[in-house]
Each structure stands twice: as C-alpha cells, then as structure tokens.
Amino acid sequence: MLPAVFRCVRPISTSLALSRSLSHFRPHMDPDPSRPIERSIRSKLADTLKPDHLEVHNESHMHAVPPGSESHFRVLVVSSQFEGLPLIKRHRLVNEALKEELSSCVHALSIQAKTPEQWRSNPSLAKSPPCMGGSRGDHTVEEKLKAGRE
Amino acid sequence: MNSLIRSTARCLRQGAAVYLPRQADGRVWSASARFLCASADLQKDLGEMVKKDKVVVFMKGTPAQPMCGFSNAVVQILRMHGVDDYASYNVLEDSELREGVKTFSNWPTIPQVYFSGEFVGGCDILLQMHQNGDLVEELKKLGISSALLEAEKESK
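Residues numbered from 1 in each chain as written. Chains lettered and ligands numbered in written order. Predicted model: local features only at pLDDT ≥ 70, side-chain atom pairs only at ≥ 80, totals over all residues. Heavy atoms only, no water.

A. Broad picture of the layout of surface pockets. Here the largest pocket is characterised by a volume of approximately 800 Å³. Lining the largest pocket are 33 residues, with Leu87(A), Ile125(B), Gln128(B), Met129(B) and Asn132(B) positioned closest to its centre. Of all the secondary structure elements, the ones that give two or more residues to the lining of the largest pocket are α3 (87-97) and β3 (108-114) of chain A together with β4 (118-121), α5 (123-132) and α6 (134-141) of chain B. For the lining of the largest pocket, the element with the highest residue contribution is α5(B), accounting for 8 residues. When the residues that make up the lining of the largest pocket are grouped by side-chain class, the tally is 16 nonpolar, 8 polar and 9 charged. (1 Å grid on protein atoms, 1.4 Å probe; cavity = no way out; pocket = protein on both sides within 12 Å on 5 of 7 lines; lining within 4 Å. Points joined across faces, edges and corners; volume = space filled by probe spheres on them. Helix = DSSP H or I, 4+ residues; strand = E, 2+ residues; numbered from the N terminus. Nonpolar A, V, L, I, M, F, W, Y, C, P; charged D, E, K, R; others polar.)

B. Representation of α6(B) in the model. All names here are of chain B. Within the span of α6, buried status applies to Leu 135, Val 136 and Leu 139. One side of α6 holds all its buried residues, which, seen down the axis, span an arc of 105°. Taken from the residues just after α6, Gly 143 is the one with a positive phi, measuring 85°. (Buried < 20%, exposed > 50% of the residue type's maximum accessible area, 1.4 Å probe, protein only. Arc of directions from axis to C-beta.)

C. Broad picture of the sheet that holds β4(B). All names here are of chain B. With mixed pairing, 4 strands are arranged side by side in an open sheet as β2-β1-β3-β4. One side of each edge strand has no neighbouring strand; the edge strands of this open sheet are β2 (87-90) and β4. Within this sheet the neighbouring strands show an average axis-to-axis angle of 25°, counted without direction. Pairing analysis gives 4 bridges linking strand β1 (residues 55-59) to strand β3 (residues 112-115), with the strands arranged antiparallel. Residue pairing for β3: Val 55 is matched across the bridge by Phe 115. (Pairing = 2+ DSSP bridges. Axes fitted to C-alpha atoms, helices over the stretch in contact; angles between N-to-C directions.)

D. Quick peek at the confidence of the model for chain A. All names here are of chain A. The predicted model of chain A has a mean per-residue pLDDT of 81, with 72% of residues at 70 or higher. Residue range residues 2-7 is modelled with pLDDT below 50. Its contacts to residues more than four positions away, or to other chains, number 11 contacts. Confidence drops under pLDDT 50 across residues 9-28; counting only partners more than four residues distant or on other chains, this segment forms 21 contacts. (pLDDT = per-residue confidence, 0-100. Contact = heavy atoms within 4.5 Å.)

E. Up close: the sheet that holds β3(A). All names here are of chain A. Pairing within the open sheet is mixed, and its 3 strands lie in the order β1-β2-β3. The strands lining the two open edges of the sheet, one partner per strand, are β1 (53-58) and β3. Neighbour to neighbour, the strand axes of the sheet diverge by 10° on average, direction disregarded. Note that strand β2 (residues 72-78) and β3 share 7 bridges and pair parallel. Its bridge partner being in β3, Phe 73 is matched across the sheet by Leu 109.

F. Inspection of the pairing of β2(A) at higher detail. Across the 7 residues that make up β2(A), a large majority, 7, are buried. Covered by surrounding structure in β2(A) are His72(A), Arg74(A), Leu76(A) and Val78(A) together with Phe73(A), Val75(A) and Val77(A), the residues of both alternating faces.

G. Local environment of empty space enclosed by the protein. Enumeration according to the criterion identifies 4 cavities of 30 Å³ or more in this entry. Quantified by volume, the largest cavity comes out at close to 160 Å³. Contributing to the lining of the largest cavity are 16 residues, with Leu109(A), Ser110(A), Thr109(B), Cys123(B) and Asp124(B) lying nearest its centre. Residue assignment for the lining of the largest cavity shows that the elements contributing at least two residues are α3 and β3 of chain A together with α5 of chain B. Taken together, the residues of the lining of the largest cavity sort by class into 10 nonpolar, 5 polar and 1 charged. Taken as a whole, the second largest cavity encloses approximately 110 Å³ of empty space. The wall of the second largest cavity is formed by 15 residues, among which His72(A), His107(A), Ser135(A), Lys60(B) and Cys68(B) lie closest to the centre. Residue composition of the lining of the second largest cavity, by class: 7 nonpolar, 7 polar and 1 charged.

Okay, here's the thing in structure tokens:
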C-alpha cells in the first residue's frame, strides 16, 4: 500500500487505481484527516517560495463536490520572491510549484501572492465567490477526485 | 448533408475558430464540422481565437448563465466596467477546448482572460486589477473606456 501522500501523484492508469471502489468514501463533511493534498501543497509552496506567511485553505466544501474532497483550494503566499514580479508571474510560480496537484486532483486554485510589504499594509485573505454548481455532474471533476483517492 | 460538407470544407480552409460555440452574441455554431478538424490544430486555432477579439474569455457556462462562481466573477467584473461585447467560449461544451486552452495558456484553471491576444490571468488577477485600478488602464489601452471611469467623471 502506498503512503497516503503519494495517492494523488500516482498515474491514474495503474491497475491499483482501477480496483479501488468508492466504498472507502468518507460520508462526513471533514476531509481525510491526513489531508494529503493540503499537506503536499503546503510543503511544496514552503520549499519553493520560502514564504514569510503561508495559508492553505481547502474550500472544497463550498463547491458541488462530495464531502471530504480535496479539489478546491485557496492559498495565500507572502514571499519576497514576488518582489518586482507582476501578478501573472507570481501566479505562474505558484502554479509551477503545484503542477502535480493541478494536473491530478486539484480542480480549482485561488491564489493571493503578496510581497511582505503588501501583506503588512493589507493583511487580509480574499473570499471566494459563491459556487454556481458547475462541478456537479462534471465527469472530469469526478475523475480527478477518484485520482485523488487512489 | 450538403451543408455539413460545405461547413467542413470551410472549416479546413479557415481553421475551426469560427465554428466554435460563440455565446456572447447569441449565435451557437454546430460542433459537427469542428470534430473533423484534428485537435492538433486546436492550438493553432486558439492562437487565432485569442487575437480575433479585443477581450476573450474562456469560462464555464456563458455570460448570460455562468456555471461557476469564478467564471461568474469575471463576467460581473467586465460588466461593471461596461464591457459586454466580448468573445466567450464555454469550456463545459467542449472537453477538447477545455484541455487545449490550458495547454495553450500554460495555465491550469478556468476562467482565462485574454486582452488583445495576450493572456491576462484568471479570476484572482482580474479581481485584483479591478480593485487596484489597473483594469481601467488596461481597457483604455484596448480603446475601451471603462464605465466606472465614465461614472466617476459624471459624478464630478
């Protein structure tokens, strides 16, 4: 059995992935207590961007996905590596760090990328807009979530 | 049948861009001619699509009926600035487009906004540009006068 942290980064095509059913699906609202994706996001951002401040929020419960999903995240990264970079380049750095998660189970990623000075002058986390149900019945999201659980 | 053959021939000559669903102006093109064009051409088509209009949005749903909170935020921001005439492409209708645009932009999520063929970003970036005044400036460069600027002038 592979360590939980590698659940999401394994290729979807392995036979182990296909043999897992949804019977281990968690019926309650909390994500998997081990939160492998959240932990992976946190450690990758910490390693790559050496942030002064880092927040990783699992917002999957706000969207039309099953309870316990790790599909929608909001991250706030405060790093001096963002100095002098336009927003798009900052976001690309974050996307690059989380490439594996984004190509497997993470379906949506909201990013706030601030320099330490920007954070000091405005230490607030933005809020996500309300879900409009687009993930409901979206088979690609279901596939991504299955990939995350195997 | 003839119309399908004609539209396919047109598709192969001009590229599939014109035949993708266009929700912004109410016209919906059939996807039947498009499927015959190889998906490898999609990257080339996207290159044309993003330049054809000043403002281009790849989103979930349509401006009239967004299917995602983040896509809706983009629509609302543009609307606030009086930008209603833009090209929008509904990725929920076309899974090839949905994946193709992520490759094309090298950006993993939807929505995606283009100004004059240049990738601007997603919902977060557009929101921050709106909040810090950059969006008004960028629209000005496109020759679009933001409605918020007009409203500000009128109130003075």
